[in-house]
Amino acid sequence: MSRIGVFVCHCGMNIERTVDTQAVAATLSEHSGVVFTTDYNYLCADPGQRLIKDAITEHKLDGVVVAACSPAMHEPTFRRVAEEAGLNPYLCEIANIREHCSWVHQDRDRATRKAIRIVKTLVEKVRGNQPLEPLRIDHADKCLVIGGGIAGIQAALDVAESGLEVILVEKEPSIGGHMAQLSETFPTLDCSQCILTPKMVEVSRHPNVRLLTYSEVVEVTGYVGNYEVKIRKNPTYVDPDKCNLCGECVKVCPKSVGNEFERGLIERKAIYIPFEQAIPSSYTLDEEACLGLHPLRCSECAKVCEPKAIDYDMRPEYIEESVGAIIVATGYSLYPISSLGEYGGGQIPDVIDGLQFERLLSASGPTIGEVRRPSDGKIPKKVVFIQCAGSRDPERHNAYCSKICCMYTAKHALLYRHAVPDGEAVVFYIDIRAGGKGYEEFTQHAIEEERILYLRGKVSKVYRQDDRVVVWGVDTLSNRRVEIEADLVVLAISMNPHPSILALSKILKISCDADGFLKEAHPKLRPVESLTAGIFLAGAAQGPKDIPEAVSQSSGAAVKAVALLTKDKLIHSPEVVEIDEAICGGCGICVDMCPYNALAVNGAGVAEVNEVLCEGCGSCVSACPTGAAQLKNMTTQQFVEMIEVALQDG
Amino acid sequence: MAKLNDNGFEPKIVAFLCRWCSYAGADLAGVSRMTYPANIIPMRVNCSGRVDAGMVMAAFEKGADGVLIGGCHPGDCHYVNGNYKTRRRVILLKRALAEVGIKPQRLHLEWISASEGVKFQRTVTEFTGLIKELGPSPMSGDGED
């Protein structure tokens, strides 16, 4: 570059007050390769932009430095101005003499000298820049949604409604997730299944949705817009097209195991349907529980199956799909109850978790909505609810707040009081966190009008005495020790990320936070995106949240995916790594350094860059022993020139 | 760290700031009108992991009295793990600097997030004070380390 123009902005008095912009322009006019300099009141305003365009044309500038505010503010503005004047936008650079100079210094002379050094470094950078074109890439139109709970269902529906194709993958035999297990939802007390099942049906019948249940994502390669996904569909050993749901197989099956949907409160057979409204509505033969998938071992179910739907020879099916975007909605699991030994978790049958209590309250549950305790089936007359069980306890359990427990505990206590009008409900709490529309009113109603005793304090111990469960705690408001003999204890157990997320995050190459939830790109401004372009997050996979929040985030993730997939071409920054093949030794160090798998040593023994995968971090550049790897427009040579002028005397 | 020492020596300091955290932290210091010594010349890099040995050595060779590297906090790197690479590299570079007779304190790495304008101001102020106390680098002039 030999015809560089330097434009120095006053920014009203913002820069001019402490930086002598005329002196900056005058000094730069002496700098090698600079053929035009000027200073102006507001370069970002229309007349200022016109001034730059005219100067580019008139002085045939082949490089531009705008000395003004932070590039975070107006780099796109001035690059567009350059482009409109026929100059490649990557030949325009911003020297930050406001945030990094005029606003932080008071001595005008020193600030002016520093501004001159800053501008000189950017002149050197522009001199070394090459014109670049943004990379434009074709992409697949489909979207993969992983997880068929309420978050995944909502995301799938929103994407499908935009006209794009969706593949919805669910690990369990039915979609619905945890929401299907809930009795009623706070704060409106809507029946959970009544509001969920229409959505389950809608997503399963949507012409743009391909539903794959009992399936897992096992491999993902590629990059934003072009992910290649391999899905394993596990065998159910029942042909859903032939099965007429008669249920004869269940009657004869000799093997029983804990019913997951009912949280182990009752048993199910090895051949089963998860719950009545399950979608797809079909039986699954659990191969782990089955006595043996061989006609000689048992085959009772096959013998009674009239439509011959049972097929012991069914094998896993592998499905490959090309998708442009992925929404991860794998949801949560509960902190293991057996880890709460101090509360008798896993040892005392009448100490249960919140989801178990949901099943006891549910009209479709094992007790048909009658609250009966697991040990002897009696109706409990005194129930203690313990909030923050495993949450907000950094020494022993999870440090974070699980967010939904205050609300569902109030709901549990209230529904219990409705179910057992002469029963007593006691809630131990640390704080009541009821932020949300109608939430505070709901908890206050429970406390004041439903005669639920709220005690502020932690429970130290829960143990069994005869057929009762004794709770030791403290009421910190009256500073008294409390001992309660209860019939049933319900733990508001902490939410954990779903156990499958760790393996899945490795398959997707996205990161988890310290607690194991998926990490968002920015906690405030990019909460539905992962740091990997084209992979979005929805629901409790990203952190504890309730249904409305999970649904909102799902719609947010769906919009992001739709916005991406409805583009004609995807744009990728061209400021990526290039390899000088003449000096590359093929050592492969760069390959190991790259966090994006953008580099590989090719057949000719030199490193090769997949420009679309490269994010331009420069890790490989720093590690390359020969200097063959260089970031376009940020080469080592450019930095050396910049350092030189930054340190020049004067 | 060293207290401000007004011995009349005005050091030259090159600061490599990662685009996502420390450069933005410096922007915030500006927006908040925090003042600090004018001795640093900031340079934007995409990632602190891009700052290689050659850049640091070039800065000292061409007369820098101090080099500051600003990166995202551990675990927060925009590029997954570039800052960890920097952390290791800085340890090695400090050894190398000692070998060639430059006090290793002249190279400083700090994690400064985009929301830490105050930390940027404090870091620059303290580091400038330290370098003033150390005097000119042996490579920049008549200094002796």
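Counting restarts for each chain: residues are numbered from 1 in the order of the written sequence. Note on labels: chains are lettered from A, ligands numbered from 1, in written order. Under the rules for a predicted model, residues below a pLDDT of 70 receive no local features and side-chain atom pairs below 80 are neither given nor counted, while totals for whole chains, interfaces and linings still include all residues. The side-chain values count all of the structure's non-hydrogen atoms but skip hydrogen atoms and water molecules.

Student: Looking at this model, I keep getting lost on the sheet that holds strand β23 (residues 453-456) of chain A. Mind explaining?
Tutor: Residue and element names in this part refer to chain A. Here the rule is simple: two strands pair whenever DSSP picks up at least two bridges between them. Numbering of helices and strands runs from the N terminus; a helix is a DSSP stretch of H or I covering at least four residues, while a strand is a stretch of E covering at least two. Read across the open sheet, the five strands follow the order β20-β27-β21-β22-β23; overall the sheet is parallel. Strands with a single pairing partner mark the edges of an open sheet, and in this sheet they are β20 (351-353) and β23. Here the average twist between neighbouring strands, direction ignored, is 25°. Two elements, strand β21 (residues 382-389) and strand β22 (residues 424-429), share five bridges in a ladder whose sense is parallel. Across the sheet, the residue bridging to V383 is A425, located in β22. Together, β20, β21 and β27 (488-493) form the strand contacts of helix α11 (residues 354-361), whose direction differs from that of β20 by roughly 90°. The contact criterion used throughout is that any non-hydrogen atoms of two residues lie within 4.5 Å. Interaxial angle, 0 to 180 degrees, is taken between N-to-C directions of lines fitted to C-alpha atoms, where a helix line uses only the stretch in contact. Here helix α12 (residues 405-419) sits on the sheet and contacts β21, β22, β23 and β27; the angle it forms with β21, its principal contact strand, is near 175°.

Student: Would you mind going over the interface of chain A and chain B with me for this structure?
Tutor: Often, the extent of an interface is quoted as the loss of accessible area upon association of its parts. Taken together, the contacts link 45 residues of chain A with 46 residues of chain B. Buried area between chain A and chain B, summed over both chains or domains, comes out near 3,700 Å², and the portion from carbon and sulfur atoms is 59%. The working definition used for a salt bridge is a side-chain nitrogen of Lys or Arg within 4 Å of a carboxyl oxygen of Asp or Glu. Across the chain A-chain B interface, the total number found is four salt bridges. Put simply, R44 of chain B and E75 of chain A hold a salt bridge, and the shortest N to O gap is 2.9 Å. A 3.5 Å cut-off defines polar contacts: any pair of N or O atoms within that distance qualifies, except that in protein one atom must be a possible hydrogen donor and the other a possible acceptor, and neighbouring residues in sequence count only when both atoms are side-chain atoms. Summed over the shared surface of chain A and chain B, the number is 21 residue pairs in polar contact (both at pLDDT 80 or more). Looking at the side of chain A that touches chain B, the elements that each hand over two or more residues are α4 (71-84), α5 (98-102), α6 (108-128), α17 (619-623), β34 (629-631) and α18 (636-647) of chain A. Per-element accounting of the side of chain A that touches chain B gives the leading share, eight residues, to α18 of chain A. When two components associate, each loses some accessible surface as probed by a 1.4 Å sphere; the sum of these losses over both components is called the buried area.

Student: In this structure, what is going on with the packing of helix α2 (residues 21-29) of chain A against α6 of chain A? I would like to understand it.
Tutor: Helix packing geometry: the angle between the two helix axes and the distance between the axes. Residues and elements named next belong to chain A. The N-to-C vectors of α2 and α6 enclose an angle of 45°; their axes lie 10 Å apart at closest approach. Comparing their axes, α6 and α2 come out oblique. Relative to α6, α2 is oriented so that their crossing is right-handed. Residues A23, V24, T27 and L28 of α2 touch α6, and the partners they reach there are T112, A115, I116, V119, K120 and V123. For this classification, under 35 degrees means roughly parallel, over 145 means roughly antiparallel, 65 to 115 means roughly perpendicular, and everything else is oblique. Crossings are sorted by hand: turned counterclockwise from the far helix by less than a right angle, the near helix makes the crossing left-handed, and turned clockwise it makes it right-handed.

Student: I would appreciate a short explanation of the state of the cysteines in the present structure.
Tutor: In this description, a disulfide is simply a cysteine sulfur pair whose atoms lie within 2.5 Å. Inspection of every chain in the model, using the stated rule, returns two disulfides over all chains. Residue pairing for C191 of chain A: its cysteine sulfur links by disulfide to C194 of chain A, the two sulfurs lying 2.2 Å apart. In this structure, the disulfide formed by C191 of chain A and C194 of chain A twists by about 80° around the S-S bond and is classed as right-handed. Classification of residues uses two cut-offs on accessible area relative to the type maximum, computed with a 1.4 Å probe and protein chains only: under 20% is buried, over 50% is exposed, and between them is partly exposed. Looking at C191 of chain A, the relative accessible area reads 29%, which means it is partly exposed. In this model, C21 of chain B is linked to C72 of chain B through a disulfide, with the two sulfur atoms separated by 2.5 Å. Looking down the S-S bond of the C21 of chain B and C72 of chain B bridge, the torsion is 100°, so its handedness is right-handed. Pair noted here: C21 of chain B is in the loop between β1 (13-18) and α1 (22-31) and C72 of chain B is in the loop between β3 (66-71) and α3 (82-99), with a separation of 51 residues, a long-range link. The structure places no disulfide on C143 of chain A, whose sulfur is separated from the nearest cysteine sulfur, that of C512 of chain A, by 20 Å.

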